[in-house]
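# Secondary and tertiary structure notes
Each chain, letter by letter, is given below.
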Amino acid sequence: MSKQKTRKKSIKEKPVMKKLSKEEKLKRRRRQVRIERIILGTVLLIVLLGLGIGLKSLLPGIIGRDSGKKDYANVPMPEIDEQLLTINEYSRPGLAVGTINGVVIHYTANPGSTAQNNRDYFENLKDSHLTKVSSNFIVGLEGEIIQCVPVNEMAYASNSRNSDTVSIECCHPDVTGKFTDATYQSLVQLTAWLCSQFGLSEESVIRHYDVTEKICPKYFVEHEDAWMTFKEDVGAVLRRG
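Bear in mind that the values here come from a model prediction, so they are computed numbers and not experimental data.

Another point: the pattern of salt bridges. In total, this model carries ten salt bridges according to the counting rule given. Measuring nitrogen to oxygen at the nearest pair gives 2.9 Å for the salt bridge that ties R239 to E202. Note that R239 is positioned in helix 7 (residues 224-240) and E202 in the loop between helix 4 (181-198) and strand 6 (205-207), a separation of 37 residues in sequence. Exposure remark for E202: the relative accessible area of 12% places this residue in the buried category. In this structure, the salt-bridge partner of R207 is E224, at a minimum N-O distance of 3.1 Å. Remark: E224 occurs in helix 7 and R207 occurs in strand 6; sequence separation between them is 17 residues.

Note that E153 resides in the loop between strand 4 (145-147) and strand 5 (165-170). It is 5.4 Å that separates the C-alpha atoms of E153 and V97, two residues lying 56 residues apart in sequence. Leave out the neighbours within four places in its chain, and E153 touches R92, G94, L95, V97 and N136. At a separation of 2.8 Å, a polar atom in the side chain of E153 contacts the side chain of R92.

Here helix 7 is 17 residues long and its end C-alpha atoms lie 24 Å apart, about the 24 Å a rise of 1.5 Å per residue gives. Looking at the buried positions of helix 7, the neighbouring elements they touch are strand 2 (102-107), helix 4, strand 6, helix 5 (209-212) and helix 6 (218-222). Once helix 7 ends, the next one or two residues include G241, with phi positive near 75°.

This part takes up the packing of aromatic side chains. Two numbers describe a pair of aromatic rings. These are the distance of the centres and the angle of the planes. Taken as a whole and assessed by the stated rule, the structure comprises six aromatic pairs. Between Y184 and F230, the ring centres sit 5.9 Å apart and the planes meet at 70°, which makes this aromatic pair edge-to-face. Taken together, the residues Y184 in helix 4 and F230 in helix 7 connect sequence positions 46 residues apart. Its relative accessible area of 17% is what places Y184 among the buried residues. The class of F230 is buried, set by a relative accessible area of 0%. Taking 5.4 Å as the distance between ring centres and 55° as the angle between the ring planes, the aromatic pair formed by F220 and W227 counts as tilted. As far as burial versus exposure is concerned, F220 and W227 are alike and both buried. An aromatic cluster is present here, built from F179, Y184, F220, W227 and F230 joined pairwise through their rings.

Working definition: the covalent bond between the sulfur atoms of two cysteines is a disulfide. What the rule picks out here adds up to zero disulfides. Free of any disulfide, C170 has its nearest cysteine sulfur in C171, 7.7 Å distant. Overall, the relative accessible area of 0% leaves C170 in the buried class.

We now examine helix 4. With 18 residues, helix 4 should reach 26 Å at 1.5 Å per residue; the first-to-last C-alpha distance of 26 Å fits that figure. Of all the positions in helix 4, only T183, Y184, S186, L187, V188, L190, T191, A192, W193, L194, C195 and S196 are classed as buried. Looking at the residues trailing helix 4, positive phi occurs at G199, about 65°.

Take the sheet that holds strand 6 next. The sheet built from six strands is open, its strands ordered 1-4-3-5-2-6 with mixed pairing. Either end of the sheet is taken by a strand with one partner, and the two such strands are strand 1 (81-82) and strand 6. For strand 2 and strand 6, the ladder comprises three bridges, and the chain directions are parallel. The partner of V104 across the bridge, within strand 6, is I206. Set on the sheet, helix 3 (residues 115-128) makes contact with strand 3 (137-139), strand 4 and strand 5; between it and strand 3 the angle comes to about 150°. Contacting strand 2, strand 3, strand 4, strand 5 and strand 6, helix 4 crosses the sheet at an angle of about 175° to strand 5.

Rules used throughout
- Residues numbered from 1 in each chain as written.
- Predicted model: local features only at pLDDT ≥ 70, side-chain atom pairs only at ≥ 80, totals over all residues.
- Heavy atoms only, no water.
- Salt bridge = Lys/Arg side-chain N within 4 Å of Asp/Glu carboxyl O.
- Helix = DSSP H or I, 4+ residues; strand = E, 2+ residues; numbered from the N terminus.
- Buried < 20%, exposed > 50% of the residue type's maximum accessible area, 1.4 Å probe, protein only.
- Contact = heavy atoms within 4.5 Å.
- Polar contact = N/O pair within 3.5 Å; in protein donor to acceptor, adjacent residues only side chain to side chain.
- Expected span 1.5 Å × (residues − 1).
- Phe/Tyr/Trp six-rings, centres within 6.5 Å; stacked < 30°, edge-to-face > 60°.
- Disulfide = S-S within 2.5 Å.
- Pairing = 2+ DSSP bridges.
- Axes fitted to C-alpha atoms, helices over the stretch in contact; angles between N-to-C directions.

So, to be careful, I would describe these as geometric facts and stop short of saying anything about function.
Dropping the structure here:
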């Protein structure tokens, strides 16, 4: 008798599965769908963030330029006569420069002298030891361009900016320091080409005067409007390519 009671009691205590209504099933399904969407959205967000980080790390290598610098790859190289100076402590020290951040414009302050005259003067400093001076490029009276120092080496031209700029000396026919049309046109093309090589804009082109307040290049210091026009002309070549 006691066994029967125990058996009946155990049967009564067995949980009864509640049958869900259609409305409850629908609510449960909707809740499940919301959870699945949240999970899917989270996964997608993680994937997108990962892709973003990966692209950001790859961009410098793809672009080939430092952040913030422009790329003017189509500016043609002007005709350059490479006459590199002998490595010496007075005009070509052979020291490597860092990142190029600007192009500095100079004038020779020697009216009527040619690009070759000035290049030879730099070369002879290894023997004369008169001073320490040079430039990466010299633009002559007829527009000829001579390269004296590689652009990845320091020239003695721009004082505190020697280590992060490329320098250009320009010849001039008289004491006003104004360049001939041929000199001016070659200077514009050379400057624009150098800017294109280092991802710079015309705003990175400066005068020696802007570094030390030396009146150099004289005409561009005394005629601010001519200097602004020169930079505009460089910018036009950069955008035209």
